[in-house]
Amino acid sequence: MKKIITSLAAITLFSSAITAQTTLKNTGNPLFTDNYTADPAPMVASDGKLYLYCGHDECFEDSVGFEGQYGFNITEWLCYSTEDMQTWTSHGSIMKPTDFKWAKGEAWAAQAIEKDGKFYFYTTVQAADPLNCKCVAVAVADSPTGPFKDAIGKPLVEDKMTPNGERGWWNDIDPTILIDDDGTPWLCWGNGTCFLARLKKNMVEIDGEIITLPMQNYVEGPWLSKRNGLYYLTYASMGKGSETISYATAKNITGPWTFQGELTGSGKDSFTIHPGLINFKGKDYLFYHNSTLSLNGYGPATGRRSVCVDKLKYNADGTMQKVIQTEKGVSK
Ligand code: FUB
């Protein structure tokens, strides 16, 4: 095993659930080898730590995924944290899709953000009857590691709110959240179509119209960020047979957006790739996933992905340099 679990650091009690925290050393990519992990979403909290949220890929032969034997089977979201990118704490599961009473499963991509001492977790689930569609859900917690609870008791976005999307009931996945300099929260999401909406300052209601952002070669997995007054929309784009990461920039979040090309190639052995950009302690990083890890006798597969991280560099004009995916990652 590439990484060694160095200690059982703590046992934390949250709402009668027991979460074992383990400490992991960064020895390169993939970053975590205690679990299969996908759709990385980094967040820097006011406690100075970087928290990394991801889906727990659990596609195994005896557990058929909802896209077939080697497809996705993602039943919970995991959280990891670090103070230095070298030593990571695994906090285990922070939420399951079925914690949303109206959902029946599928822990697809998510992103968390801190506002006024609360942590908002925007995520994707499959709604149960009568909706039966992919939905954007929102949960809230007092701590970055939960416990997270459904914030509104219903979907934040459901299929009937996005009739203009080309993928129908499949549209409403992969939310990304940005709080603008004036305090306005913006939510962006979508598969096949990239949707954008303003949220009310309470973080849990759409404020006004849902618009679409034309993005070249767009598939899914948008990630909103802002740097030096310039907005960035980084997303999974269609490459040659598998996804790559591309990005666009804009002076106004509602557009026009300028396509800036590919930021990465495909994730090794993975059809999907999913960006998560963060500036942490003055350095920029791109999180993504590939499928190179063999764990407990199971090899790479569509539904057995692993989070990776590499350095991200900006040019003087604000464009990003192409990220080369490395095995060393940001390990020392
Ligand atoms: O993990 C399930 C889906 O795969 C995500 O929602 C997409 O972004 C893709 O990574």
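Just above sits the structure.
Residues numbered from 1 in each chain as written. Predicted model: local features only at pLDDT ≥ 70, side-chain atom pairs only at ≥ 80, totals over all residues. Heavy atoms only, no water.

Student: Run through the overall build of the protein, naming residues and quoting values.
Tutor: What the protein contains, in helices and strands, is zero helices and 21 strands. Compactness check: the protein gives a C-alpha radius of gyration of 18 Å against a globular reference of 20 Å for 332 residues, within 12% of the reference. By its C-alpha atoms, the protein is 50 × 50 × 40 Å across when sized along the principal axes. Long-range pairs, those at least 24 residues apart, make up 50% of the contacts in the protein between residues at least 6 apart in sequence. When the accessible surface of the protein is summed, it comes to about 13,600 Å², and 50% of that surface belongs to carbon and sulfur atoms. Taking the average place of the 31 positive charges on the side chains of the protein and the average place of its 37 negative ones, the gap between the two points comes to 5 Å. (Helix = DSSP H or I, 4+ residues; strand = E, 2+ residues; numbered from the N terminus. Rg over C-alpha atoms; globule rule 2.2 N^0.38 Å. Contact = heavy atoms within 4.5 Å. Areas by Shrake-Rupley, 256 points an atom, 1.4 Å probe, with all protein chains shown as cover. Lys, Arg positive; Asp, Glu negative; His and termini not counted. Charge placed at Lys NZ, Arg CZ, Asp CG, Glu CD.)

Student: How would you sum up the pattern of salt bridges? Please name residues and give values.
Tutor: Inspection of the entire model under this criterion finds eleven salt bridges. Notably, a salt bridge pairs Lys96 with Glu76, separated by 2.9 Å at the nearest N-O pair. Of this pair, Lys96 sits in the loop between strand S6 (87-95) and strand S7 (103-115) while Glu76 sits in strand S5 (residues 74-82), and the two are 20 residues apart along the sequence. For Glu76, a relative accessible area of 11% puts it in the buried group. A salt bridge links Asp142 to Lys118; the shortest N-O distance between them is 2.8 Å. (Salt bridge = Lys/Arg side-chain N within 4 Å of Asp/Glu carboxyl O. Buried < 20%, exposed > 50% of the residue type's maximum accessible area, 1.4 Å probe, protein only.)

Student: Which residues make up the site of the ligand, and what are the values?
Tutor: Near the ligand, the surroundings consist of Asp39, Phe72, Ile74, Trp108, Ala109, Asp174, Glu220, Thr272, His274, His289 and Arg305. In this structure, Asp39 approaches the ligand through a side-chain N or O atom, which is 2.5 Å from an oxygen atom. With the chains in place, 100% of the 280 Å² that the ligand exposes on its own is no longer accessible. Along the lines of polarity and charge, the residues of the shell around the ligand split into four nonpolar, three polar and four charged. (Near = heavy atom within 4 Å. Polar contact = N/O pair within 3.5 Å; in protein donor to acceptor, adjacent residues only side chain to side chain. Nonpolar A, V, L, I, M, F, W, Y, C, P; charged D, E, K, R; others polar.)

Student: Outline the layout of surface pockets, listing residues and values.
Tutor: Take a probe with the size of a water molecule and roll it over the atoms, and the empty space left behind shows itself. Of the pockets and cavities examined, the largest pocket occupies roughly 520 Å³. Lining the largest pocket are 26 residues, with Leu178, Leu224, Ser225, Lys226 and Ile278 positioned closest to its centre. Only strand S3 (36-44), S7, strand S11 (176-179), strand S15 (218-227), strand S19 (276-280) and strand S20 (283-290) provide two or more residues apiece to the lining of the largest pocket. Residue classes in the lining of the largest pocket are distributed as 16 nonpolar, five polar and five charged. (1 Å grid on protein atoms, 1.4 Å probe; cavity = no way out; pocket = protein on both sides within 12 Å on 5 of 7 lines; lining within 4 Å. Points joined across faces, edges and corners; volume = space filled by probe spheres on them.)

Student: Describe in detail the packing of aromatic side chains, supporting the description with residues and values.
Tutor: Counting across every chain of the model gives 15 aromatic pairs. Ring geometry for Phe72 versus Trp108: centroids 5.7 Å apart, planes at 75°, classification edge-to-face. Taken together, the residues span a long stretch of sequence, with Phe72 in the loop between strand S4 (50-57) and S5 and Trp108 in strand S7 at a distance of 36 residues. Taken individually, Phe72 and Trp108 each receive the classification buried, so the pair is uniform in this respect. Measuring from centroid to centroid gives 5.7 Å for Tyr232 and Tyr314, while their planes differ by 80°, and the two rings are edge-to-face. (Phe/Tyr/Trp six-rings, centres within 6.5 Å; stacked < 30°, edge-to-face > 60°.)

Student: Describe the state of the cysteines, and please don't skip the residues or the numbers.
Tutor: Scanning the model with the defined rule gives zero disulfides in all. Cysteine Cys54 remains unbridged, with the sulfur of Cys79 as its closest cysteine sulfur at 8.1 Å. (Disulfide = S-S within 2.5 Å.)

Student: I'd like to hear about a positive patch on the surface, residue by residue, with values.
Tutor: Together, Lys283, Lys311, Lys313, Lys328 and Lys332 make up a region of like positive charge exposed at the surface. As for its position among the elements, Lys283 is in strand S20. On the basis of relative accessibility, which here comes to 52%, the residue Lys283 falls in the exposed class. (Patch = residues over 30% accessible without salt bridge, like charges linked within 9 Å, V, L, I, M, F, W, Y side chains within 5 Å.)

Student: Tell me about the environment of Met85, and name the residues and values.
Tutor: Checked against the element boundaries, Met85 lands in the loop between S5 and S6. Note on Met85: relative accessible area 2%, which makes it buried. Considering only alpha carbons, one finds Met85 and Tyr288, 203 residues apart in sequence, at a separation of 15 Å.

Student: Account for unusual backbone geometry, naming residues and giving values.
Tutor: Pro30 follows Asn29 through a cis peptide bond whose omega is -5°. Counting through the fold element by element, Pro30 comes out in the loop between strand S2 (17-25) and S3. Cis peptide bonds are those with omega within 30 degrees of zero, and the linkage from Asp129 to Pro130 qualifies with 0°. If you trace the backbone, Pro130 turns up in the loop between strand S8 (118-127) and strand S9 (134-141).

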